[in-house]
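Now for the letters of each chain:
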Amino acid sequence: MNFRLMPLALLVFIWSFPAFAEEYDVYYLGGQSNMDGFGRNQDVPASLASELEGVFIFHGNSSPDGHPIDGRGQWAPLRAGHGYGFQSDGKQNRYSDRFGAELTFAQRLRQLDPDKNIAIIKYSRGGTSIDESSAGQFGCWEPDFSGGTGAGKGVNQYDHFLAAVRQAMSDRDIDGDGEVDSLNPAGIVWMQGESDALYSQEVADRYQQNLKRLMDLIRASLRVDDLPVVVGQISDSGADNKKVWPYGETVRKAQRDFVEQDSAARLVISTDKYGYSDPWHYDSNGYLELGREFAEAVSDARSKHE
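Parameters and conventions
Residues numbered from 1 in each chain as written. Predicted model: local features only at pLDDT ≥ 70, side-chain atom pairs only at ≥ 80, totals over all residues. Heavy atoms only, no water. Helix = DSSP H or I, 4+ residues; strand = E, 2+ residues; numbered from the N terminus. Expected span 1.5 Å × (residues − 1). Buried < 20%, exposed > 50% of the residue type's maximum accessible area, 1.4 Å probe, protein only. Arc of directions from axis to C-beta. pLDDT = per-residue confidence, 0-100. Contact = heavy atoms within 4.5 Å. Core = buried A, V, L, I, M, F, W, Y, C linked by side-chain atoms within 4.5 Å. Phe/Tyr/Trp six-rings, centres within 6.5 Å; stacked < 30°, edge-to-face > 60°. Lys NZ or Arg CZ within 6 Å of the ring centre and 35° of its normal.

A. Helix α6 (residues 207-221), seen in detail. Relative to the 21 Å expected for 15 residues at 1.5 Å per residue, α6 spans 21 Å between its end C-alpha atoms, a close match to the ideal helical length. Listed in full, the buried residues belonging to α6 are Tyr207, Asn210, Leu211, Leu214, Met215, Ile218 and Arg219. All buried residues of α6 fall inside an arc of 165 degrees around its axis, so they share one side. Downstream of α6 by a residue or two, Arg223 has a phi angle that is positive, lying close to 65 degrees.

Structural data, given as structure tokens:
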């Protein structure tokens, strides 16, 4: 290219235009405690003991309903410690001794397509329902939530999620190499529903409608109408020989119906075979398997819609 023959204005335009260093497929991971993750870091296999190449995560700080909008976090290479107990003040991450599905999710996606870089936005909160009437002490994802006072008036999990996405997507150099990165929304992974299966039949009956509305809003926030959605089917440990989630079958059917009616959605049903570390949460092997199943499902959904 002969730069001496170009007009000065064109040269300035070329030199000032940012070069894209890397492209990243962005996945949002959300829900309640089985998305938080209760796997033990001591059980992480050697292949996941160090940072995964080409994978970054923005883990939004979990905050209760009725509190000022939060979502603080920072991009960092993916490693163990993004499970229950993780915290971030937006400047520094405080890792926990737990992990969730994110580790094997990213690992399996990289195995399926080694040329794709992965960026994960994670925001979840244990015990949360979608339906406001079953929020209890944990919170809900109902966009029209009206509780709280002062700066926290009307603020709930959906608002904290939006704040996390806004902060994550506003950082245009997630790998810190000094060049602008391209962040392309690629999928939503949702593990939630247990709390909606706990309170009443009426709440459980509303789950399909609530789930559809919320997934449509999350898609809209990521600006892709038919963005693939993968839903993890809730399961029941049967602790003490009784149902932990009394209305679980209604919610499970609602999850199946949602996926059947949405061509870009997939359902992961392997949760029925996982072991448990307590009556509510999978064991370490369960989270390792869940991540792989999520990756396989979202890869299938993407291949059918590209």
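B. Representation of the confidence of the model for the protein. The predicted model of the protein averages 93 in pLDDT, with 93% of residues at 70 or higher. Low pLDDT (under 50) marks residues 1-6, which in the prediction has 5 contacts with non-local residues, meaning those over four places away or in another chain. Taken as a whole, residues 10-18 scores under 50 in pLDDT and shows 5 contacts with residues more than four places along the chain or in a different chain.

C. Structural view of the nonpolar core. Ranked by size, the top nonpolar core spans 72 residues in total, and within it Tyr28, Phe105, Trp190, Met215, Ile218 and Phe294 carry the most contacts. Residue contacts for Phe294: discarding those within four places in its chain leaves Met35, Ala101, Phe105, Val189, Met191, Val230, Val231, Gly232 and Val268.

D. Looking closely at the environment of Asn117. Residue position: Asn117 is located in strand β8 (residues 117-124). Separated by 64 residues in sequence, Asn117 and Glu53 place their C-alpha atoms 8.4 Å apart. Sequence-distant contacts of Asn117, that is, excluding residues within four places in its chain, are made with Glu22, Glu23, Tyr24, Asp25, Gly54 and Arg110.

E. Inspection of the packing of aromatic side chains at higher detail. For the structure shown, the criterion picks out 12 aromatic pairs. Among the aromatic residues, those joined into a cluster by ring pairs are Tyr274, Tyr276, Tyr282 and Tyr287. Lying over the aromatic face of Tyr95, Arg79 brings its terminal NZ or CZ to 3.9 Å of the ring centre.

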